[in-house]
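Observations on the three-dimensional arrangement
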Amino acid sequence: AQSVTQLDSHVSVSEGTPVLLRCNYSSSYSPSLFWYVQHPNKGLQLLLKYTSAATLVKGINGFEAEFKKSETSFHLTKPSAHMSDAAEYFCVVTPRSNNNDMRFGAGTRLTVKP
Amino acid sequence: DAGVTQSPTHLIKTRGQQVTLRCSPISGHKSVSWYQQVLGQGPQFIFQYYEKEERGRGNFPDRFSARQFPNYSSELNVNALLLGDSALYLCASSLSDRDRGLSGSGNTIYFGEGSWLTVV
């Protein structure tokens, strides 16, 4: 079985400061891990994914995440927050054998203050 | 190219009624999955279909059913609606039902904007 825990339900940062959204995973298999973003009244957009290649994954809009097997973590970071980054972020785990069976975390709401 | 399209975008139903939600995948995609997202929570996996066959099912009651058509579009049906069925229903499509292996490219899954269902 696999699952993810997003450690913060809400994160608030000031514009221009770093962003850290934390995610721990549990998986019986070698996992694939993803971060998705959901803006209000919009669908889910893929930010980045880890599928057994490089452990440091770079995504869109300046986001990146590092897969740390020893810590079972896949935290999302960005050096400098923009107002447009305000949204709900979901960490997702799937078994490597079937990416379609996605297990979402509960989400972290990111607020960016001017 | 059009992304994943879903219809209707919003609908209101009464308890006990039945609803059908529709999804058209990205052209060339053969796999369609359905997710339920209750307000304030992450999406939960309901079904996956590939080449018109059910390939995965989440922990949902038999009131939920789905099918995939020869053109790879899909319908999600929910019978005997309950208030708790009120949610955003998301459809996702991908090329394959499985990861592409060790290439690292993976099997990217694309989501539609969803159908908002309110049960009153």
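Quantities reported herein were computed from a predicted structural model and do not represent experimental measurements. (Residues numbered from 1 in each chain as written. Chains lettered and ligands numbered in written order. Predicted model: local features only at pLDDT ≥ 70, side-chain atom pairs only at ≥ 80, totals over all residues. Heavy atoms only, no water.)

Let us now look at the sheet that holds strand 8 (residues 74–78) of chain B. In a beta sheet, neighbouring strands pair by backbone hydrogen bonds and run either parallel or antiparallel. Residue and element names in this part refer to chain B. Taken together, 4 strands build an open sheet; the order of strands is 1-3-8-7 and the sheet is antiparallel. The open sheet has two edge strands, strand 1 (5–7) and strand 7 (64–68), and neither has a second partner. The sheet shows a mean angle of 15 degrees between the axes of neighbouring strands, direction not considered. Pairing between strand 7 and strand 8: 5 bridges, direction antiparallel. Paired with serine 65 across the bridge in strand 8 is asparagine 77. (Pairing = 2+ DSSP bridges. Helix = DSSP H or I, 4+ residues; strand = E, 2+ residues; numbered from the N terminus. Axes fitted to C-alpha atoms, helices over the stretch in contact; angles between N-to-C directions.)

Here we take up the pattern of salt bridges. Between side chains of opposite charge, a pair can form when the charged atoms approach closely. Residues and elements named next belong to chain A. Summed over all chains, the structure comprises 9 salt bridges over all chains. The salt bridge involving arginine 22 is made with aspartate 8; its shortest N-O contact spans 3.0 Å. Of this pair, arginine 22 sits in the loop between strand 3 (19–21) and strand 4 (23–27) while aspartate 8 sits in the loop between strand 1 (2–6) and strand 2 (10–14), placing them 14 residues apart in sequence. A salt bridge links glutamate 88 to arginine 109; the shortest N-O distance between them is 3.0 Å. In this pair, glutamate 88 sits in strand 10 (residues 87–95) while arginine 109 sits in strand 12 (residues 108–113), placing the two residues 21 residues apart along the sequence. (Salt bridge = Lys/Arg side-chain N within 4 Å of Asp/Glu carboxyl O.)

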